[in-house]
Amino acid sequence: MTHTRQPILAQPFLKWAGGKGQLLDQYAPYFPASDLRAYFEPFVGSGAVFFHLRGRAQQFTHYHLSDSNAELINCYCAVRDHVDALIARLAAHRDGHSREYYYRVRGCDRDPAWGQTPAAERAARMIYLNKTCYNGLWRVNRKGYFNVPIGRYKNPDILREERLRAASCALQGVTLAPRPFEAVCDHARPGDFVYFDPPYVPLSTTSNFTSYSADSFGADEQRRLAQAFAALDRQGCRVMLSNSDTDLVHELYRSFRIEKVAARRLINSKGSRRGMVPEVVVLNY
Ligand SMILES: C[S@@+](CC[C@H](N)C(=O)[O-])C[C@H]1O[C@@H](n2cnc3c(N)ncnc32)[C@H](O)[C@@H]1O
């Protein structure tokens, strides 16, 4: 069945590490514009690419967004299905905001009953923490408890009602799933378009990257991702991937087309200087 979809202008409603907003102009020539079938984005994050594509005249027949972060996917579900309840809860967080309130909300996930909390309530907490925590970082400890300290903001933008309503419209009919990236190979069909935006291979390799760690995206995960890319290529999908301009990325994707783009990134570990850093886009078309 072919769906007729109207383009909808919407933007990310979360701050997210590695957000692709600034690269969309450079990516535009690489996004397929004709013979469109389904769209898959298995590392959706803040969804900058998805929202951009939903605003184009050329629409995919269906959109499938996923991420291994289940709290994030719950947030998208709440924006899609319960936007009024979500906005009401976020207004309460905005009105209650203080240092002490932040730490109280941060601690909610320590409560054994938290697992039964309705989707809109959980999503409002995630957005509230995202807008008020240090650097918009989402980090949980081994027990799965959110542990980022409060950030320094005079006036955090906690509730952007219009943005949430636009995102809700853009998400109507979209399939959302919390799952690891490999699952896309079981769902994508010939002619579908898959866009991968994984955590990047670091520019300087640390032991953290090469050694095994349950929740990090290390060299083994990068290799498994390259295998998934090649499997989708054999399945007849169109595949695009973003990553850093590093030897490992060039080695893993040497049989595919590699294009360079330039991104404005932090260029020292203290985060005090920004500069243009080359990155790559890998394409199988
Ligand atoms: C670079 S971010 C994506 C940024 C996104 N394109 C944006 O514009 O905000 C990478 C995402 O991958 C997710 N992730 C990490 N490991 C994963 C895995 N094994 N499978 C699926 N998603 C994963 C993280 O939760 C994060 O949201």
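The shown structure was predicted, so the numbers you read here are calculated from the model rather than taken from an experiment.

Quick word on the overall build of the protein
Counting secondary structure elements, the protein contains 11 helices and seven strands. The C-alpha atoms of the protein give a radius of gyration of 19 Å, which matches the 19 Å a tight globule of 285 residues would have. Across its three principal directions, the C-alpha atoms of the protein cover 55 × 50 × 35 Å. Counting only residues that meet the buried cut, the protein has 31% of its 285 residues in that class. Summarising the internal contacts of the protein: among those between residues at least 6 apart in sequence, 74% fall at separations of at least 24.

Let's talk about the packing of helix 4 (residues 83–96) against helix 7 (residues 161–171)
To describe two helices that pack against each other, one gives the angle between their axes and the distance between the axes. Following both chains from N to C, one finds helix 4 and helix 7 inclined at 160°, their axes separated by 10 Å at the closest point. Classed by the angle they form, the pair helix 4 and helix 7 counts as roughly antiparallel. By crossing handedness, the relation of helix 4 to helix 7 is classed as right-handed. Contacts from V83, L86 and I87 of helix 4 reach helix 7 at E161, L164, R165 and S168.

Regarding the pairing of strand 4 (residues 193–196)
The side-chain alternation of strand 4 yields two buried faces, one formed by F193 and Y195 and the other by V194 and F196. As paired strands, strand 1 (residues 38–41) and strand 4 are joined by two bridges and run parallel to one another. Its bridge partner lying in strand 4, F40 is registered against V194. Sheet topology places strand 4 next to strand 5 (residues 238–244); four bridges connect them, and they run parallel. Directly across from V194, in strand 5, lies its bridge partner V239.

Concerning the site of the ligand
The ligand sits among 19 residues. The nearest are G18, F43, G45, S46 and D197. Here the shell around the ligand is built from residues that sort into 10 nonpolar, six polar and three charged.

Concerning unusual backbone geometry
Of note in this structure, D35 is not a glycine but carries a positive phi near 55°. With respect to the helices and strands, the residue D35 is situated in the loop between helix 1 (24–27) and strand 1. In this model, N135 sits at a positive phi of 60°, which is unusual for a non-glycine residue. Counting through the fold element by element, N135 comes out in the loop between helix 6 (119–132) and helix 7. C-beta crowding within 10 Å serves as the criterion here: with 11 such atoms nearby, N135 is assigned to the exposed category.

A look at the pairing of strand 1
Every other side chain in a regular strand lies on the same face of the sheet, so the side chains alternate between the two faces. The pairing of strand 1 with strand 2 (residues 62–67) spans four bridges and is parallel. In the strand pairing of strand 2, F40 is matched with H64. For the crossover that starts at strand 1, traverses helix 2 (residues 48–54) and ends in the parallel strand 2, the hand is right-handed.

Structural notes on the domain arrangement of the protein
Along its sequence, the protein is carved into domain 1 (21–68 + 179–283) and domain 2 (74–159). If you average the C-alpha positions of domain 1 and of domain 2, the two centres end up 27 Å apart.

Observations regarding the nonpolar core
In terms of nonpolar packing, the biggest core is built from 57 residues, with V79, L86, A123, A167, V194, F196 and F229 touching the most fellow members. Of all the elements, helix 6 adds the most residues to this core, at six residues. Look past the residues within four positions of A167 in its chain and what remains in contact with it is A10, F13 and V79.

Some points on the sheet that holds strand 5
If you trace the seven strands from one edge of the open sheet to the other, you get 3-2-1-4-5-7-6, paired in mixed fashion. The open sheet has two free edges, formed respectively by strand 3 (175–178) and strand 6 (257–266), since each of these has just one partner strand. Pairwise comparison of adjacent strand axes, ignoring direction, gives a mean angle of 20° for this sheet. Relative to strand 7 (residues 274–283), strand 6 runs antiparallel, the two being bridged by 10 bridges. Residue pairing in the sheet places R265 in a bridge with G275 of strand 7. In the packing of helix 3 (residues 70–81) onto the sheet, contacts are made with strand 2 and strand 3, and the angle to strand 3 comes to roughly 160°. Contacting strand 4 and strand 5, helix 10 (residues 219–234) crosses the sheet at an angle of about 160° to strand 5.

Side note on the environment of L14
Checked against the element boundaries, L14 lands in the segment before helix 1. With 19 C-beta atoms packed within 10 Å, L14 lands in the partly exposed category. As for L14 and D81, which are separated by 67 residues in sequence, their C-alpha atoms are 17 Å apart.

Each value, and the rule that gives it
Residues numbered from 1 in each chain as written. Predicted model: local features only at pLDDT ≥ 70, side-chain atom pairs only at ≥ 80, totals over all residues. Helix = DSSP H or I, 4+ residues; strand = E, 2+ residues; numbered from the N terminus. Rg over C-alpha atoms; globule rule 2.2 N^0.38 Å. Buried ≥ 20, exposed ≤ 12 C-beta atoms within 10 Å, placed from the backbone. Contact = placed C-beta atoms within 7 Å. Axes fitted to C-alpha atoms, helices over the stretch in contact; angles between N-to-C directions. Parallel < 35°, antiparallel > 145°, perpendicular 65-115°, else oblique. Left-handed = near helix turned anticlockwise from the far one by under 90°. Pairing = 2+ DSSP bridges. Near = placed C-beta within 6 Å. Nonpolar A, V, L, I, M, F, W, Y, C, P; charged D, E, K, R; others polar. Right-handed = clockwise from strand over helix to strand, strands pointing away. Domains from an automatic or database assignment. Core = buried A, V, L, I, M, F, W, Y, C linked by C-beta atoms within 7 Å.

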